[in-house]
Amino acid sequence: MSSLPLKIGIIGFGPFAQFLVKTMIKQGHSIRANSRSDYTDLCNQLGISFFSDTTAFIESQNDVILLCTSILSLSKVIKSLPLDCLKQPTLFVDVLSVKEHPRDLMLQVLPRDSDVLCTHPMFGPESGRDGWKDLSFMYDKVRVTNEATCSSFLQIFASEGCKMMEMTCEEHDELSARSQFVTHTVGRVLAEMEIESTPIDTKGFQKLVQVKESASRDSFDLFSGLFIHNRFAKQQLMNIELAFETIKQQLVKKTNEEDSEQS
Ligand SMILES: NC(=O)c1ccc[n+]([C@@H]2O[C@H](COP(=O)([O-])OP(=O)(O)OC[C@H]3O[C@@H](n4cnc5c(N)ncnc54)[C@H](OP(=O)(O)O)[C@@H]3O)[C@@H](O)[C@H]2O)c1
């Protein structure tokens, strides 16, 4: 089942929005974009409208406003929107990689008659390059009165074969601190070590190089947002430090045992 054509306004037309929009255009949705930088030429190439004027963008009667800004800039961006110019109740959706933070901001700032859907597509331009089949899509219907618009939006992902995972924003942040944040942190550590492929790579090492490369492709704003705006991430960073210390001590202890056996 494909979704009904929606008018989708995107705020923050960076790498992730540009990736999502290709599928939305293919599915026949009408897309308009607004961003801090000027994307007029790119939008012309894609055959969609770019609004440099935020008021005109808000007034353009979108069924859905999709927030695709960086985690760190969302607060500033959402608080500066001229929301009194909204012409109709609108479904606001975010795709940020943390979930409690945008949920709290949207509930605090948006008009009460606007619906709120928090989502996190658990993939990006690399992992979703050849399609979205079997890739996870997390969502939380935080405040939804217009079920038709919400389910049409979700259908964008369901119809591409995504694994639709409904859970609370809190559950998401706890799980993703343990998985995505740890992956990004390890990838950044490996990048800091400047690891590179060797002529005798094991399969395991090839995977580590991939983790390093994929972490390096995402912006530092994204990575630091995963830490600053996910209350569960601090514990994971401590776990990584503790685990590293424990392993180091185990190695030192074993080395000392071996040394004393040989002497
Ligand atoms: N990349 C992924 O694989 C992925 C996957 C799932 C979810 N996400 C989420 O999608 C969102 C966008 O990610 P991204 O990969 O495109 O890169 P990002 O670096 O997290 O965000 C880039 C976007 O944020 C905007 N922005 C940054 N600072 C700003 C500021 N001070 N004021 C206004 N706008 C600002 C940029 O606007 P301009 O371009 O106009 O400068 C651009 O649209 C993030 O929240 C991320 O967590 C990303």
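The rules we used
- Residues numbered from 1 in each chain as written.
- Predicted model: local features only at pLDDT ≥ 70, side-chain atom pairs only at ≥ 80, totals over all residues.
- Heavy atoms only, no water.
- Axes fitted to C-alpha atoms, helices over the stretch in contact; angles between N-to-C directions.
- Helix = DSSP H or I, 4+ residues; strand = E, 2+ residues; numbered from the N terminus.
- Parallel < 35°, antiparallel > 145°, perpendicular 65-115°, else oblique.
- Left-handed = near helix turned anticlockwise from the far one by under 90°.
- Contact = heavy atoms within 4.5 Å.
- Nonpolar A, V, L, I, M, F, W, Y, C, P; charged D, E, K, R; others polar.
- UniProt positions renumbered as here; feature names shortened; annotations may be inferred.
- Near = heavy atom within 4 Å.
- Polar contact = N/O pair within 3.5 Å; in protein donor to acceptor, adjacent residues only side chain to side chain.
- Areas by Shrake-Rupley, 256 points an atom, 1.4 Å probe, with all protein chains shown as cover.
- Domains from an automatic or database assignment.
- Salt bridge = Lys/Arg side-chain N within 4 Å of Asp/Glu carboxyl O.

## Some details on the packing of helix 7 (residues 169–192) against helix 9 (residues 220–228)
- Across the interface, helix 7 lies against helix 9 with an axial gap of 10 Å and an inter-helix angle of 130°. Taken together, the axis directions place helix 7 and helix 9 in an arrangement best described as oblique. Seen from above, helix 7 lies across helix 9 with left-handed handedness. Counting all contacts with helix 7, which are made through Gln-180, Phe-181, His-184, Thr-185 and Arg-188, the residues of helix 9 involved are Phe-220, Leu-222, Phe-223, Leu-226 and Phe-227.
- Considering only residue class, the contact of helix 7 with helix 9 consists of six nonpolar, three polar and one charged.

## Looking at the UniProt feature "domain: Prephenate/arogenate dehydrogenase" (unreviewed entry) in the chain
- Here the UniProt-annotated "domain: Prephenate/arogenate dehydrogenase" (unreviewed entry) positions come out as residues 6–263.
- Across residues 6–263, helical content stands at 50% and strand content at 15%; the span's end C-alpha atoms are separated by 77 Å.

## Section: the site of the ligand
- In the vicinity of the ligand, 27 residues are found, and the nearest of them are Ser-35, Ser-37, Tyr-39, Ser-97 and Ser-219.
- In this structure, an oxygen atom belonging to the ligand sits 2.9 Å away from a main-chain N or O atom of Phe-16.
- Look at the ligand: alone it shows 880 Å² of surface, and the protein chains cover 88% of it.
- Secondary-structure elements contributing two or more residues to the shell around the ligand are helix 1 (15–26), helix 4 (74–79) and strand 6 (115–121).
- When the residues that make up the shell around the ligand are grouped by side-chain class, the tally is 13 nonpolar, eleven polar and three charged.
- Per-domain counts for the shell around the ligand show at least three residues from each of domain 1 (7–167) and domain 2 (171–262).

## Examining the pattern of salt bridges
- A full pass over the atoms with the stated rule returns twelve salt bridges.
- Its salt-bridge partner being Glu-160, residue Lys-26 comes within 3.1 Å of it at the nearest N-O pair. Residue Lys-26 is located in helix 1, and its partner Glu-160 is located in the loop between helix 6 (147–158) and strand 8 (163–166); the two are separated by 134 residues in the primary sequence.
- The closest approach of N and O atoms between Glu-100 and Arg-231, which form a salt bridge, is 2.6 Å.

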